[in-house]
Structures are given as C-alpha cells and as structure tokens.
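Structure at a glance
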Amino acid sequence: FKKEGFIDAAIIKDSLRFDETKEEVNIDIEVSEGNQYFVRNIVFKGNTIYPTELLMRRLDFSPGSVYNVEQFEMNLKHNQDQTDAASLYADNGYLFANLETEEIRVAPDSVDIIVKVTEGTRVAIRKVIIEGNTKTKDKVIRRELYTHPGDFFNRSAIIQSVKGLGVLNYFNQETIRPDVRMVDNTKVDVVYKVEERSTDTFNASVGFAGSYGLTGAVGFTFNNFSLEEPLKGGGGQVLNFSWEFGQANRIQNINLGFSEPWLFDEPTTVGFNIFDSQINYYINLRRTGISLNLGRRFKWPDNYFRGDWSLVLQRNNVGKEYSGSYYRPGLSTEITMSQTFSRSSVDNLFFPTSGSKFSLSTQFAMGAIGLGNTDYFKNQFKFEISHPLYYINEYPRLVLFLGSQLGYVTGFKSDTTISPIELYYMGGNGLSGIGITPLRGYEDQAVGPKKGGTVMSKFTAELRFAVSLDPMPVYLYAFAEAGNVWTDLKNTDPFNLKRSAGLGMQIMLNPIGLIGFSYGYGFDKSDLTGQRSGWQFLFHLGQ
C-alpha cells in the first residue's frame, strides 16, 4: 500500500476459520486503505555541507508524484546504485550523518515531507586491517582495496573493495564482510574478514568423446601462485599446464602459460603462453607458437576498465587433403597483434549476482603488410549483465543473466588466407577444440556452414539459482538461447537465428574445476541433418 501512496493503510482485524471437514484454515483480513497521497513539498533542514538542490537531485522525487514510501527511503538512505542522498555524506567521511523524515498531511491527498539532517563530524580511516588470510599475501589483497589509511571514510569504496575481493575468487564469497571499528569520534579502523578456499585445479582423466573417440588429459592450474615461494603460493600469479589428447591423433593440445597480474605492484599484467595444438576432425590443422601478453587496468572512465594487448607468433599447417573458401593447404606463418578493451564490474566469476561485463577485441594477422602469410582482421563484441531477483539470508540467490556475442572476420587481400580456427562455428558445448561457439540444444558444429563462416551472433538469457556457494559452489539454471553463423555479410540475416531452451547445472568442483550439464531443446533445423534438432544432453567443462 505504501509503495502506491496509501500511507494510512492499516489492517483493522484478522480472523481464522477452521473447517474440520475439509481440514482447511480460512484467513480473513480486513483492511482500511485510506487516501492515496501525493508529494506537495520536500524540505531539507540542517544541511550545511551539501545544498538542498544537490540532495533533491539524489532524492529524485518531484512535487505531484505519488508518495512511494519505499522508493523515497531508498533514494534518501541506501539504494543499490549508491546514488542516494545519504551516500553523499557516507562517501565523504560523514559516517554519523543521519537523515530522518517527518510527514505532514496538508490535504486529504497531499503530504509535505521534512527531511531533518544531522551531519556529525567527519571521520578518517586510521588502519585497514585484513583478517583470515592463511595463504594469500596481504599485498595481494590490499591492491584490490579502494580504502587506505588516511582517507576519509567512504562507503562506496568499501562496497567496491568487497566486490574486488570476490572477483579474485580466492575466498568464500558469502563470508567476505567488512567491519568498521570505532577508534574515537574522528577515526575508524576498517576490517576485511576473509575465508580462504582453494582455487587450484589438478586433473588426470581418460574418457570417451563422440568427436574424438578415446581421450585423455592431464594438467594443473595454480590460480594463486608465487614465483618467490612456489611451494607456499599466495602471490596472485597464475601458472598453468595442460596436455589433452584424442584417439588416432584427432586432437592434441599442449599449453604452458604464466601470468603476473601486478607487475612492480602496479595494475599491469604480463605473461606468456607456449602452445602446440593439433586437430584432425572436420579440419586438419596444427598450430605451434607463443603469445606474449600485456595488460593494464585504467582509472578512466572508472576503475573497471582495462586494456589488453598480445603478440602471437605461430606456424599453421593445414592438411593437404583439406581446403576451404578462406584457407589453403600447407604451411603458413602467422604474426598477429590483438587488442581488447573491456569493462567488468561483476562481483564474482562463477556466480555473478550484479554488475556487467563487456569487451571489444580486434585481431590483425599481418600477412597483408608482409609480416607472415596469414591475413585476417577479426572483431568481436561481448556483453553480459547480471541482476539479483531474490535474496536468502541477505544474499542474492536468484539472478537474471543476459548475454550477447557478435563477431566478424575478413581479410584485406583478395586471395586471403584466414586460419580455419579463426572462422566461426557454432553448436554443442564448445569442447570440440576448434573455437566453436557453444549453442545448447544442438550438436557440435550443427549450426552454420560446416567449413566455418565469417559472421556470428548469439544471444542468451538465463535464470540462475544458487543451491550452494561454499564449500562446493553449485547453481541451477533455466536458459533460452538463439544464434547463427553465416558465410559472409552478404548472406547474413540477423533475424534468422537457431533457437533453443532448457535446463542445466554448473558446479565448481575443486580440484577438477568447472563442470556442468544441460538438457536443451533445439526448436530449429540442424544444418548437419536438416531435421529439427530436438532434445540434446550436453556435458560442459570450463567456461
């Protein structure tokens, strides 16, 4: 009632009637609604630091609007976007600032609201204390924090710091809780309590895959590694090795990589990957090379933006018995520069409950200018957003996720030689080793041209529910997806999308990593069989 302006609404009485025959209870509630009220005037009293005009802009209520009590209180004291009026004080050291409202009914349908402001003294941070970290070094945690000794108290900075610690994925997300401890009326200590959890993964497996027959894999990923203390870890570096192989040499991937996310204690990322990859399924391709990676987190437009660059030197060998519209059999050299600008404000990598991610990446294989003989120009755009819908014990458990991907690759020369793995393929779980874009409800590579296309689009909606977040994170989801791949721009029809829907589960199972299952129904025809795809059960591994 109060959300609709009925501020005098009240429950007059209630009663229970028990029906012994049907064994039912009927509940009768008598309500008095009263009149609906509209805002006539809003007056701030006691504010000396911030002018009334600025507080009114934060309040976002105008005379004549319905008096939505819930929205008024949120915009006054605490909303999810941290754009409420009280945050002006809480983000600038006024920890004890208090804004209280008084309602004065001036007509049967109008109300004046007086906001009494008590500003209090300005408070500074004396110490930033970290508790509970048994492996991760203090400096690895502190460099993700936006609160520092000597700064004035800042509520938004604390919230942003908690989000940064969650993205590290070293700690139990549900137990990351900040604490503010009073020292005196002008100083506080800010305490971050964390609970370590292992994020390192080890695997050794043998199995059977429909695409590759008998398969095997060994590997490890140390997500919180330290070169200085390799046996102890906790330095925030990433070291990974993987070896994957399939029957009859259908697939073999070997990769060794290292990444330092904070070079010289600055938000600069450096790393490398050495790889040898062989695929003999749909295409016959071997790639051997090294990539050198450099990245930097920006302070503008905000702290969530970053840029990443890489230089890849590799040799491609396309089987002589196989050729496509954009690539030729035989050996070729590829020298590629890539650039990615991205922004990520999500609060967790496995189960994000708020925030968004977007990235715009460009790859340029420089054969057209005489560096190597592979020539392509590839652009990809990705966007994801998560929004909480339902909370359990003050933590969001039901989340709406929306995502989209767009991609286009072309060459500069008339006789271009695009590497087959840089073309777009779609369908299945994306585990077939040739960069397939997953589309649940369809078989591997069942969407788009069999030999790859140059244009791709995909759209996803998921309703996710977190069953558990510690010690083994698990969430269930219902999904709807649509996507397609086209040979070239001339044949692209953005409204001709392959659609699917279904259910699934994702599990973070240490030390194995991320695994999942989905059961989806493809509503449209498979490009492999020409028949409606129907129900497809898929196993998922990794992101």
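Before going into details, it helps to say that this report is about the structure given with it. (Residues numbered from 1 in each chain as written. Predicted model: local features only at pLDDT ≥ 70, side-chain atom pairs only at ≥ 80, totals over all residues. Heavy atoms only, no water.)

A word on the overall build of the protein chain
Condition: Think of it this way: any DSSP run of H or I at least four residues long counts as a helix, any run of E at least two long counts as a strand, and we number them from the N terminus. Burial classes: relative accessible area under 20% of the type maximum marks a residue as buried, over 50% as exposed, and values in between as partly exposed (1.4 Å probe, protein chains only). Pairs of residues are marked as contacts when any of their non-hydrogen atoms sit within 4.5 Å. Methods summary: accessible areas were calculated by the Shrake-Rupley approach with a probe of 1.4 Å, and residue burial reflects only the protein chains presented. Residues scored as charged are limited to Lys and Arg (positive) and Asp and Glu (negative), so that His and the chain ends carry no count. Charge positions come from single atoms, namely NZ of Lys, CZ of Arg, CG of Asp or CD of Glu.
What the protein chain contains, in helices and strands, is five helices and 24 strands. Taking the principal axes of its C-alpha atoms as reference, the protein chain extends roughly 85 × 65 × 50 Å. Taking all 543 residues of the protein chain together, the buried fraction comes to 45%. Within the protein chain, counting contacts between residues at least 6 apart in sequence, those at least 24 apart form 56% of the total. When the accessible surface of the protein chain is totalled, it reaches about 27,300 Å², and 56% of it is carbon and sulfur. Within the protein chain, one finds 54 positive and 60 negative side-chain charges whose respective centroids are separated by 7 Å.

Quick word on the pattern of salt bridges
Our working rule: Salt bridges are identified by distance alone: a Lys or Arg side-chain nitrogen within 4 Å of an Asp or Glu carboxyl oxygen.
Summed over all chains, the structure comprises 27 salt bridges. Between Arg155 and Asp84 there is a salt bridge; the shortest N-O distance is 3.1 Å. Highlighted residues: Arg155 in helix α5 (residues 155-168) and Asp84 in the loop between α2 (69-77) and α3 (85-90), separated in sequence by 71 residues. With a relative accessible area of 0%, Asp84 lands in the buried category. In this structure, Lys378 and Glu422 form a salt bridge, with 3.1 Å as the shortest nitrogen-oxygen distance. Of this pair, Lys378 sits in strand β18 (residues 375-392) while Glu422 sits in the loop between β19 (395-410) and β20 (455-468), placing them 44 residues apart in sequence. Both residues of the pair, Lys378 and Glu422, count as buried. Taken together, the salt bridges that share partners define one network made up of Arg440, Lys458, Glu462, Arg464 and Glu481.

Here we look at the sheet that holds strand β3 (residues 38-45)
Within a beta sheet, neighbouring strands are joined by backbone hydrogen bonds and run either parallel or antiparallel to one another. Put simply, the rule reads: At least two bridges found by DSSP between two strands is the condition for calling them paired. Angles here are taken between N-to-C directions and fall from 0 to 180 degrees, while the axes themselves are lines fitted to C-alpha atoms, restricted in helices to the stretch in contact.
Within the open sheet, the three strands sit side by side as β3-β5-β4. Their pairing is mixed. Two strands in the sheet have a free side with no partner beyond their single neighbour: β3 and β4 (98-107). Ignoring strand direction, the axes of neighbouring strands in this sheet form an average angle of 20°. Sheet topology note: the β3/strand β5 (residues 110-118) ladder contains seven bridges and is parallel.

Here we look at the packing of aromatic side chains
Definition in use: Two aromatic rings, drawn from Phe, Tyr or Trp (for Trp, its six-membered ring), form a pair once their centres lie within 6.5 Å of each other, and the interplanar angle then sorts them: stacked below 30 degrees, edge-to-face above 60, tilted otherwise. A ring is scored as having a charge over it whenever the NZ atom of a lysine or the CZ atom of an arginine sits within 6 Å of its centre and within 35 degrees of its normal.
Inspection of every chain in the model, using the stated rule, returns 26 aromatic pairs. An angle of 85° between the planes, with centres 6.0 Å apart, marks the rings of Tyr89 and Tyr94 as edge-to-face. Take Tyr89: its relative accessible area is 0%, and that puts it in the buried class. Consider the rings of Phe364 and Phe412, whose centres lie 5.6 Å apart with planes at 85°: the pair is edge-to-face. One end of the pair, Phe364, is in strand β17 (residues 355-366); the other, Phe412, is in the loop between β19 and β20, and 48 residues separate them in sequence. Judged by relative accessible area, which is 53%, Phe412 ranks as exposed. Sitting above the plane of the Tyr37 ring, Arg105 keeps its charged end 5.7 Å from the centroid.

Some points on the side chain of Ser345
In this structure, Ser345 sits in the loop between β16 (330-344) and β17. Once residues lying within four places of it in the same chain are set aside, the contact partners of Ser345 are Lys163, Tyr304, Ser354, Gly355 and Ser356.

So, the nonpolar core
Cut-off, in case you're wondering: Here, nonpolar core means buried Ala, Val, Leu, Ile, Met, Phe, Trp, Tyr and Cys residues that are tied together by side-chain atoms lying within 4.5 Å of each other.
Counting residues in each nonpolar core, the largest one holds 23 residues, and the members touching the most others are Ile42, Phe44, Tyr67, Phe72, Leu76, Leu99 and Val115. Among the secondary structure elements, those contributing two or more residues to this core are β3, α1 (52-59), α2, α3 and β5. Membership of the second largest hydrophobic core comes to 20 residues, among which are Ile279, Ala365, Tyr425 and Met426.

A few points about the environment of Lys382
One can find Lys382 in strand β18. Classification of Lys382 by relative accessible area gives partly exposed; the value is 38%. Once the C-alpha coordinates of Lys382 and Leu476 are considered, the two residues, 94 residues apart in sequence, prove to be 23 Å apart. Look past the residues within four positions of Lys382 in its chain and what remains in contact with it is Lys357, Phe358, Ser359, Ser404 and Gln405.

Observations regarding the environment of Phe96
On the secondary structure map, Phe96 appears in the loop between α3 and β4. Each C-alpha atom, one on Phe96 and one on Thr121, is 7.0 Å from the other, the two residues being 25 residues apart in sequence. If near-sequence neighbours (up to four positions away) are discounted, Phe96 is found in contact with Thr118, Glu119, Thr121, Val123, Met182 and Asn185.

Brief notes about the pairing of β18
The side chains of a regular strand alternate, first on one face of the sheet and then on the other. Bridge count between β17 and β18: twelve bridges; the pairing is antiparallel. Across the sheet, Thr362 pairs through a bridge with Asn379, a residue of β18. Both β18 and β19 contribute to a ladder of 15 bridges, which runs antiparallel. Across the sheet, Tyr391 pairs through a bridge with Pro396, a residue of β19. The turn linking β18 back onto β19 is made up of two residues, and Asn393 within it adopts a positive phi angle of 55°.

Things to note about α5
Here is the rule: Helix span, as expected, comes to 1.5 Å for every residue beyond the first. Identification of polar contacts relies on pairs of N or O atoms within 3.5 Å, with a donor-acceptor requirement for protein atoms, meaning one able to donate a hydrogen and the other able to accept it, and with residues adjacent in sequence counted only if both atoms are side-chain atoms.
Along its 14 residues, α5 runs 21 Å from first to last C-alpha, staying within 8% of the 20 Å computed at 1.5 Å per residue. Of the surrounding secondary structure, the elements contacted by the buried residues of α5 are α2, α3, α4 (138-142), β7 (177-184) and β8 (187-193). Looking at where α5 begins, the residue whose side-chain oxygen comes 3.0 Å from the main-chain nitrogen of Ser156 is Asn154. At the exit of α5 stands Asn169, carrying a positive phi of roughly 70°.

Here's the deal with the sheet that holds β7
Strand order in the open sheet formed by three strands is β6-β8-β7, with mixed pairing between adjacent strands. Each edge of the open sheet carries a strand with a single partner, namely β6 (124-131) and β7. On average, each strand axis in the sheet is tilted by 20° relative to the strand beside it, whichever way the strands run. Two strands pair when backbone bridges link them, and β7 and β8 are joined in this way by seven bridges, in the antiparallel orientation. Across the sheet, residue Asp184 finds its bridge partner in β8, namely Lys187. Packed on one face of the sheet, α5 meets β7 and β8 and runs near 20° to β8.

As far as function goes, none of this settles anything; it's purely spatial.
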